[in-house]
Amino acid sequence: MKGLKKFYRKTLQERWDVLQDRKILTNEQIKCLKRTTDATELGNSMIENFIANYSIPEGVSFHYLIDGRDYIVPMVTEEPSVIAASSHGAGLIKKAGGFKTKIKQRLMLGQIILEDFQDFQELREKIDHEQASLLRIANEAHYSLIKRGGGARWIRCRKLADDLMSIDLAVDVQEAMGANMLNTMLEAVADYVRKEFSQTVLMSILSNYATECLAVAECSMPLSNLKKENFTGEEIGHKIVQASRVAQLDPYRAATHNKGIMNGIDAVVLATGNDWRAIESGAHAFAARDGLYRGLSQWTIVGGQLKGRIELPLPVGSVGGSIGILPLVKVNQKILNVKSAEELERIIACVGLGQNLAALYALVSEGIQKGHMRLQTKSLAIAAGAKADEIQQVLSMMSKTKGKNLAAAKAAIKEIRRNKQHERN
Ligand SMILES: CC(C)(COP(=O)([O-])OP(=O)([O-])OC[C@H]1O[C@@H](n2cnc3c(N)ncnc32)[C@H](O)[C@@H]1OP(=O)([O-])[O-])[C@@H](O)C(=O)NCCC(=O)NCCSC(=O)C[C@@](C)(O)CC(=O)[O-]
Ligand SMILES: NC(=O)C1=CN([C@@H]2O[C@H](COP(=O)(O)OP(=O)(O)OC[C@H]3O[C@@H](n4cnc5c(N)ncnc54)[C@H](OP(=O)(O)O)[C@@H]3O)[C@@H](O)[C@H]2O)C=CC1
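The model shown is predicted, which means the values in this text are computed figures rather than measured ones.

What counts, and at which threshold
Residues numbered from 1 in each chain as written. Chains lettered and ligands numbered in written order. Predicted model: local features only at pLDDT ≥ 70, side-chain atom pairs only at ≥ 80, totals over all residues. Heavy atoms only, no water. Helix = DSSP H or I, 4+ residues; strand = E, 2+ residues; numbered from the N terminus. Buried < 20%, exposed > 50% of the residue type's maximum accessible area, 1.4 Å probe, protein only. Salt bridge = Lys/Arg side-chain N within 4 Å of Asp/Glu carboxyl O. 1 Å grid on protein atoms, 1.4 Å probe; cavity = no way out; pocket = protein on both sides within 12 Å on 5 of 7 lines; lining within 4 Å. Points joined across faces, edges and corners; volume = space filled by probe spheres on them. Nonpolar A, V, L, I, M, F, W, Y, C, P; charged D, E, K, R; others polar. Near = heavy atom within 4 Å. Polar contact = N/O pair within 3.5 Å; in protein donor to acceptor, adjacent residues only side chain to side chain. Areas by Shrake-Rupley, 256 points an atom, 1.4 Å probe, with all protein chains shown as cover. Sits in = over half its atoms within 2 Å of the grid points. Expected span 1.5 Å × (residues − 1). Contact = heavy atoms within 4.5 Å. Pairing = 2+ DSSP bridges. Axes fitted to C-alpha atoms, helices over the stretch in contact; angles between N-to-C directions. Domains from an automatic or database assignment. Disulfide = S-S within 2.5 Å.

### Some details on unusual backbone geometry
Backbone geometry follows two general trends: most residues other than glycine have a negative phi, and most peptide bonds adopt the trans configuration.
Logical step 1: Of note in this structure, Ser-81 is not a glycine but carries a positive phi near 80 degrees.
Logical step 2: Its location among the elements puts Ser-81 in the loop between β2 (69-76) and α4 (82-95).
Logical step 3: Residue class for Ser-81 comes out buried when judged on its relative accessible area of 18%.
Logical step 4: Despite not being glycine, Asp-116 has its phi angle at roughly 55 degrees, a positive value.
Logical step 5: Position of Asp-116 among the secondary structure elements: in the loop between β4 (107-115) and α5 (120-129).

### Here's the deal with the pattern of salt bridges
Logical step 1: The tally for this structure, following the rule as stated, stands at 22 salt bridges.
Logical step 2: Here Glu-390 and Lys-420 are joined by a salt bridge, their closest N and O atoms 4.0 Å apart. Of this pair, Glu-390 sits in the loop between α14 (368-383) and α15 (391-399) while Lys-420 sits in helix α16 (residues 406-424); the two residues are 30 residues apart in sequence, bridging distant segments of the chain.
Logical step 3: Residue Glu-390 is classed as buried on the basis of its relative accessible area, which comes to 2%.
Logical step 4: Given the relative accessible area of 29%, Lys-420 is considered partly exposed.
Logical step 5: Look at the salt bridges and you will find they share partners, linking Lys-102, Glu-218, Arg-309 and Glu-311 into a network.

### Quick look at the layout of surface pockets
Logical step 1: By volume, the second largest pocket amounts to about 590 Å³.
Logical step 2: Around the second largest pocket, the lining comprises 29 residues; the ones closest to its centre are Ser-81, Ala-85, Ala-362, Ile-368 and His-372.
Logical step 3: At the level of elements, α4, α10 (251-271), α13 (341-364) and α14 are the ones that each hand at least two residues to the lining of the second largest pocket.
Logical step 4: When residues in the lining of the second largest pocket are grouped by element, the largest group, eight residues, is from α13.
Logical step 5: Partitioned by chemical class, the residues of the lining of the second largest pocket number 11 nonpolar, 11 polar and seven charged.

### Description of the site of ligand 1
Logical step 1: Taken together, 24 residues are adjacent to ligand 1, and His-63, Ser-81, Arg-253, Lys-259 and Asn-263 come closest.
Logical step 2: Within the side chain of His-88, one N or O atom sits 3.3 Å away from an oxygen atom of ligand 1.
Logical step 3: Contact distances for ligand 1 include 2.7 Å between an oxygen atom and a side-chain N or O atom of Arg-253.
Logical step 4: For ligand 1, whose unbound accessible area comes to 1,100 Å², protein coverage reaches 67%.
Logical step 5: Assessed atom by atom at 2 Å from the grid points, ligand 1 resides in the second largest pocket.
Logical step 6: Contributions of two or more residues to the shell around ligand 1 are made by α4, α10, α13 and α14.

### Focus: the site of ligand 2
Logical step 1: Close contacts around ligand 2 come from 20 residues, with His-142, Ser-144, Arg-148, Gly-178 and Asp-275 the closest.
Logical step 2: Here an oxygen atom of ligand 2 sits 3.0 Å away from a polar atom, N or O, in the side chain of Asn-180.
Logical step 3: Measuring from an oxygen atom of ligand 2, one finds a side-chain N or O atom of Asp-275 at 2.6 Å.
Logical step 4: Here ligand 2 loses 68% of its free accessible area of 940 Å² to cover by the protein chains.
Logical step 5: The element that contributes the greatest number of residues to the shell around ligand 2 is helix α8 (residues 179-196), accounting for four residues.

### Topic: α16
Logical step 1: Over its 19 residues, α16 extends 27 Å from the first C-alpha to the last, a length consistent with the 27 Å expected when each residue adds 1.5 Å.
Logical step 2: Elements in contact with the buried residues of α16: α14 and α15.

### Topic: the sheet that holds strand β7 (residues 200-206)
Logical step 1: Here we have four strands laid out as an open sheet, ordered β5-β6-β4-β7, and antiparallel in their pairing. Looking along the sheet, the strands with just one partner apiece sit at the ends: β5 (151-161) and β7. Each strand axis lies, on average, 20 degrees off the axis of its neighbour in the sheet, ignoring direction.
Logical step 2: Alignment of β4 against strand β6 (residues 164-172), held across nine bridges, turns out to be antiparallel. Its bridge partner being in β6, Gly-110 is matched across the sheet by Leu-169.
Logical step 3: Sheet strands in contact with α5 are β4, β5 and β6, and its direction is about 180 degrees off that of β5.
Logical step 4: Strand contacts of helix α6 (residues 131-141): β5 and β6, with the helix running at about 115 degrees to β5, the strand carrying the most contacts.

### Thoughts on empty space enclosed by the protein
Logical step 1: The full count for this structure, using the stated rule, is one cavity of 30 Å³ or more.
Logical step 2: Counted as a void, the largest cavity has a volume near 30 Å³.
Logical step 3: Lining the largest cavity are Arg-106, Leu-107, Met-108, Val-173, Ala-176, Met-177, Cys-213, Pro-315 and Val-316.
Logical step 4: For the lining of the largest cavity, the residue count by class is eight nonpolar, no polar and one charged.
Logical step 5: Both domains that furnish three or more residues to the lining of the largest cavity are identified here as domain 2 (59-104 + 213-366) and domain 3 (108-206).

### Focus on the state of the cysteines
Logical step 1: With the rule as written, the count across this model stands at zero disulfides.
Logical step 2: Cys-213 forms no disulfide, and the closest cysteine sulfur to it belongs to Cys-350, at a distance of 15 Å.

### Describing the pairing of β6
Logical step 1: Along β6, eight of the nine residues are buried, which leaves the element largely enclosed by surrounding structure.
Logical step 2: Sheet topology places β5 next to β6; nine bridges connect them, and they run antiparallel. Looking at β6, one finds that Lys-159 is bridged to Met-165.
Logical step 3: Connecting β5 to the antiparallel partner β6 that follows it, the hairpin turn spans two residues.

In structure tokens:
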């Protein structure tokens, strides 16, 4: 498109001008972009072709008692009812003593993919034999990690096809998520393999399937705690177990089950400046680890207790990437009051489990729409064009109607305005 060439070389004002001159945006729409950019330097230096700061609401979730410590959890999300549900689930778990977590290790994996090798077995033996040198080369490529107590830990080889193999490098990345660090190390090792082993390297990159960075969260509660209106605690507990089984058997349900889990996980990952695409891709790969895509959490009843467990890769950092740059991330780290990336992992796993409990609890009892739509109605009112001083009235009118949809919200606004006009006349 004319005028958009070398967009990245233009100043922010020039970019807005081009968008307006080309009639891509109106003057009003440009003003909307401008209103978001009180601090332009940050966004402009973080990403390319910057035109605005896109904001998503942030809230806090309560009742997280994790390994005996209370946490307030900041969550960034555009979806109504996620934060309420998170607090609800965490509250049910807190009543029974809170969450327990486990983390075995925090290693990130990277891959050097070789192609057209002659003999896999022979090459594997050669790489095993030179493991110490390869680890040293990796460490020399990012030496500061060694000073922090981290560094490359082990190497393994996997045959992917007759002509393709992966050299996997495992690295203790300490407090970082480690993608960039690992990529630097991988490229150094790949260079050595190319030159010294005369191998063809296809590419080198970290893997987001972070199987060496798993977090587990568990909880247990008496069935009687689950009692609700027309249901006994036993009934609800049994139905939650059935819902959990369905998510293990059916990928159609598993995807939705996991979407509910990621409602909470993504919101905390975003609030803490971490890479949510990395967490999403790793979680879903883990969910399909035995060939069938399954729910990331499971619920069982043992000795009159409902027990929940979630396990997933959570390679988050407390430093690195945009974490140290975004001012709100610092504020959110303060709200969470976490001391390390590992502690953050534990919290995020618990949020996934708490979120899942709330969703299943609603689904198998009153259904999702009652609680969710009560909170979604506000968004509907805004989407229908309600002004700030009309929202409460729209909500109260919609609470009396059956259809909680955009048409109902629009009808409510129309009536409010008609009544106002009437009063004025
Ligand atoms: C919405 C609730 C919590 C209402 O549930 P309720 O039983 O009406 O709530 P309550 O009034 O008894 O309050 C219980 C707790 O919920 C929290 N809470 C309650 N209301 C609020 C609020 N307005 N603002 C903030 N927090 C709220 C709050 O923590 C409160 O305890 P308190 O702190 O008062 O002691 C419940 O119905 C629920 O958890 N529903 C699940 C909603 C959900 O999962 N939403 C996500 C969107 S749907 C989806 O994307 C996922 C899904 C469902 O498809 C996943 C799946 O299929 O597995
Ligand atoms: N596939 C993927 O997921 C990919 C993701 N990315 C992106 O990479 C970024 C994350 O990479 P990452 O390597 O973590 O970030 P950085 O490149 O920012 O590296 C981490 C930084 O943190 C510093 N640091 C300070 N204290 C510590 C500590 N205690 N432990 C560890 N590091 C410390 C390191 O300092 P020093 O330099 O002194 O060691 C380093 O500068 C994200 O933005 C992600 O989106 C990039 C490529 C691919």
